[in-house]
Amino acid sequence: MKNILVIGSTGQIGSELTMKLRKEYSNGTVVAGYIPGAEPKGDLLESGPAEYANVCIAHQIAEIVDKYDIDTIYNLAALLSATAERYPLKAWDIQMNGLLNILEIAREKHCAVFTPSSIGSFGPDTPRDNTPQDTIQRPTSMYGVTKVATELLSDYYFEKYGVDTRSVRFPGLISYKTLPGGGTTDYAVEMYYAAVRGEEFVCPIAYGTYMDMMYMPDALKAAINLMEARPRYLHHRNSFNIASMSFDPEGLYKAICAEIPDFKMRYEVDPVRQAIADSWPNKMDDVCARKEWGWTPSYNLESMTHDMIARLREKLL
Ligand code: AKB
């Protein structure tokens, strides 16, 4: 039986991950942790317990862990890259002080912890193409700095205290249920919404800027499969490269036009997001995730685009 706390359960990943975990572990308890102003609603609220769980308030998290006998924490609290550049101290507080709270609680109460890292943990000195699992990580954004530190601190707690910490470096995530907010890769989600609404899309990322992207069902599968993997096969822990597709805005535009031929797009590059995107890899090599815990994605650009457009039509039209 698993008793799980999802911190950030109403965010882009959390809202879908919490529901999937509730299906997969129906004989356990999956607690939807939220902060005021981001309360769970609908199915998320009705299908299981919800608790106020601010990652920066350690005693609050510890009380939830005790109350529900939690054995696994998915720590999804984070400011994404563009927002973290606007509020670097807040990003540090949530991503680092919050993580330290979680790791200390996990150490005392014997919980496993999943805290996502990102393509943002790489920087301009990192090899761009087929970015290796183990390589230079000198990011230039505050988001990236916190993600590298997350990886290191999580490995430290595993090596020093035996806390079962695991993580993946998520690409830009694409989903139709909950909008992301403040990320550099969010342009891709926004492009789908504009196309389905019949609006022209003004693209903030330049032609030719390639980044890894992933459809949400694959991202959820990765998080759950990694936490289920047999520990003795894990040579890495924090954090695994995972990849499924890489495209630039033009490639996504063409894939959408194959389904919505009259869709229009023009470029108006946002210098902050472009600088972040320029410092990230074009495409990661995920061979270690494939070998160590059997990672394989199910979606490519065409199948994701087909599904996204069908789901957004149901949702928006
Ligand atoms: C962002 O763009 O900030 C995130 C990420 C790639 O981690 N989507």
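Residues numbered from 1 in each chain as written. Predicted model: local features only at pLDDT ≥ 70, side-chain atom pairs only at ≥ 80, totals over all residues. Heavy atoms only, no water.

Student: Can you tell me about the pairing of strand 4 (residues 72-75), naming the residues and giving the values?
Tutor: Neither face of strand 4 is left uncovered, since the one carrying T72 and Y74 and the one carrying I73 and N75 both have all their residues buried. Note: strand 1 (residues 3-7) against strand 4, four bridges, orientation parallel. Within strand 4, the position partnered with L5 by the bridge is I73. (Buried < 20%, exposed > 50% of the residue type's maximum accessible area, 1.4 Å probe, protein only. Helix = DSSP H or I, 4+ residues; strand = E, 2+ residues; numbered from the N terminus. Pairing = 2+ DSSP bridges.)

Student: A description of unusual backbone geometry should follow, citing residues and the corresponding values.
Tutor: Looking along the chain, the bond that leaves N238 and enters S239 is cis, with omega of 25 degrees. Mapping S239 onto the fold places it in the loop between helix 8 (216-228) and strand 13 (240-241). For H110, which is not glycine, the phi torsion reads 60 degrees and is therefore positive. Non-glycine residue N130 carries a positive phi angle of around 50 degrees. Checked against the element boundaries, N130 lands in strand 7 (residues 129-131).

Student: Please give an account of the domain arrangement of the protein chain that cites residues and values.
Tutor: In terms of domain boundaries, the protein chain breaks down into domain 1 (3-170) and domain 2 (172-213 + 243-316). For domain 1 and domain 2, the distance between their C-alpha centres works out to 23 Å. With 27 residues of domain 1 in contact, the opposing surface of domain 2 contributes 29 residues. Three residues stand out in domain 1 for area buried against domain 2, namely Q12, I119 and R128, and they jointly supply 31% of the buried area on that side. The tally of links from domain 1 across to domain 2 stands at zero salt bridges. (Domains from an automatic or database assignment. Contact = heavy atoms within 4.5 Å. Buried area = accessible area lost by both parts, 1.4 Å probe. Salt bridge = Lys/Arg side-chain N within 4 Å of Asp/Glu carboxyl O.)

Student: Could you give an account of the pattern of salt bridges, naming the residues involved and the relevant values?
Tutor: Pairing between side chains becomes possible if they bear opposite charge and their charged atoms approach one another. Scanning all chains against the criterion turns up 13 salt bridges. Two residues, R266 and E268, come together in a salt bridge whose shortest N-O distance is 2.8 Å. The class of E268 is partly exposed, set by a relative accessible area of 49%. One network of salt bridges, with partners in common, ties together D164, R166 and R237.

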